[in-house]
Each structure stands twice: as structure tokens, then as C-alpha cells.
Amino acid sequence: MAIELPALPFDKNALEPHISAETLTFHYEKHHATYVLKLNALIEGTDLANSSLEEIIKNSKGPRFNNAAQVWNHTFYWNCLAPNAGGAPTGAIATAIEKSFGSFDEFKAAWNDKAVNNFGSSWTWLVKKSDGTLDIVNTSNAETPLTDETVTTLLTVDLWEHAYYIDYRNVRPNYLNGFWALVNWDFVNQNFA
Ligand SMILES: [Fe+2]
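Bear in mind the structure is a predicted one, so any value in this text is a computation, not a measurement.

Caption draft 1: Structural view of the packing of aromatic side chains. Applying the stated rule across the entire model yields 19 aromatic pairs. Ring centres of W72 and F76 lie 5.1 Å apart, and the angle between their planes is 15°; this geometry places the pair in the stacked category. On the criterion of helical spacing, the pair formed by W72 and F76 is a turn pair, its members being 4 residues apart in helix α3 (residues 62–79). Residue F76 is classed as buried on the basis of its relative accessible area, which comes to 7%. Relative to W180, the ring of W111 lies with its centre 5.8 Å away and its plane at 65°, an arrangement referred to as edge-to-face. One end of the pair, W111, is in helix α5 (residues 104–116); the other, W180, is in helix α7 (residues 172–180), with 69 residues separating them in the sequence.

Next up, the structure:
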């Protein structure tokens, strides 16, 4: 049972003008798909050949961890985005953001600051801690909060340059503006519940 590449939850041009079809074609068909291919080569014939992606991530180090986590991180990231989405949060997550950060604007400012200063190929995440409060955490390379049993992962932004170089060159703040126009708050609420 090989790990499969999940279908993108939207058409490749659905996130324009914020994320182009060209970016999604490279990001999904080259980067995400390659992590799946490499992972399957690394688990074939091993004890983890029939394991779930989550189990593989939790029981791996080195290249197997990197490829498995990047498969999971990207699938999660696609679900964090949607056409005709973005703007202010709704539902329970809106209240939780106000509680933890003061307001949505303060949360956005804190997120942008954290993301802009996340060095190199990296991810920024919104997580729910065991006490129910929210936190913004940075990870590097393939590292993911999925491995932290004390938190629930709610939202992410991919900060590897392959996520934005075609559309925004190296200007990460402009990509973050695009990201805020696409955040799928319904998915964030599902994760929060
Ligand atoms: Fe990526």
C-alpha cells in the first residue's frame, strides 16, 4: 500500500491572482508529487510499507522523515487555502483568535512577523495548545507540529521559496498578503473543533 498523492482540493487556476496556476503546477506536480515518490521508494519493503503517513512521520528520522512530513505538510497546506475565501475568520476560531491575540489584526501582525522572520525553507503554523489557547509556531525544513502531542495543528503557510518565487520573486511579505486572501477558515474551524 503505497502512500498516495491526494488530489488538489481546487483547480490549478482557482487561487489566481494570489497564487498562479504556474506556481500550483510546479508546487503540486513537481514538489509535492516528488515527496510522495521518494517516500514510497524509502518505505518499500520495510516495516513501514503498510503504515499510515502519520505513523511513518512519527517513526522516522532523516530522509524518510523529511519526505513523509513534506507530504503531510503540503496536503495540510492545500486544505488551508480556498478560492473565494480569506478575510476575517468566522465561527469558533474567530473567538479563539480574539482571546489569544486581542484581535484578528493583532493575530495577522504577529503571524506576518513570525513568518517573515522564519529563516530559509520553513513553515509557520497556528496551533491549539492543550489549555485551549492558540500559539503561532515556526518550523524549519520539513519539521511539523504533527509530532508534538501537546498541540493541534490548525493552519499553516508554506514559506519555502518554491511556494512563492514565481508569483512574488523573493518578496515573502507580498506572498503573505496573497495568503490572507485565501485562508480557508472553514478548514481551520474543523481542525479547531
Ligand atoms: Fe512547498
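Caption draft 2: A look at the nonpolar core. Residues I93, F107, W111, L126, L134, Y175 and W185 are the most contacted members of the largest nonpolar core, which totals 60 residues. Here this core spans two domains, and each of domain 1 (21–79) and domain 2 (91–192) adds at least three residues to it. With near-sequence residues (within four places) excluded, I93 lies in contact with L126, L134, L154, W185, V188, N189 and F192.

Caption draft 3: Spotlight on the coordination of the iron ion. Within the protein, the atoms that donate to the iron ion are H27 (NE2), H74 (NE2), D158 (OD) and H162 (NE2), at distances of 1.9 to 2.1 Å. Here the iron ion is ringed by 4 donor atoms whose angles at the metal span 88 to 127°, and the overall shape comes out tetrahedral. Within one chain, the residues serving as donors to the iron ion are arranged as H-x46-H-x83-D-x3-H. On the criterion of sequence distance, the pair formed by H27 in helix α1 (residues 21–43) and D158 in strand β3 (residues 151–158) is long-range, its members being 131 residues apart. Of the two residues, H27 and D158, neither departs from the other in class, the shared state being buried.

Reading the values: rules and limits
- Residues numbered from 1 in each chain as written.
- Predicted model: local features only at pLDDT ≥ 70, side-chain atom pairs only at ≥ 80, totals over all residues.
- Heavy atoms only, no water.
- Phe/Tyr/Trp six-rings, centres within 6.5 Å; stacked < 30°, edge-to-face > 60°.
- Helix = DSSP H or I, 4+ residues; strand = E, 2+ residues; numbered from the N terminus.
- Buried < 20%, exposed > 50% of the residue type's maximum accessible area, 1.4 Å probe, protein only.
- Core = buried A, V, L, I, M, F, W, Y, C linked by side-chain atoms within 4.5 Å.
- Domains from an automatic or database assignment.
- Contact = heavy atoms within 4.5 Å.
- Donors = N, O, S within 2.8 Å, 3.2 Å for Na, K, Ca; no water.
- Tetrahedral: all angles 85-135°; square planar, octahedral: opposite > 155°, others 65-115°.

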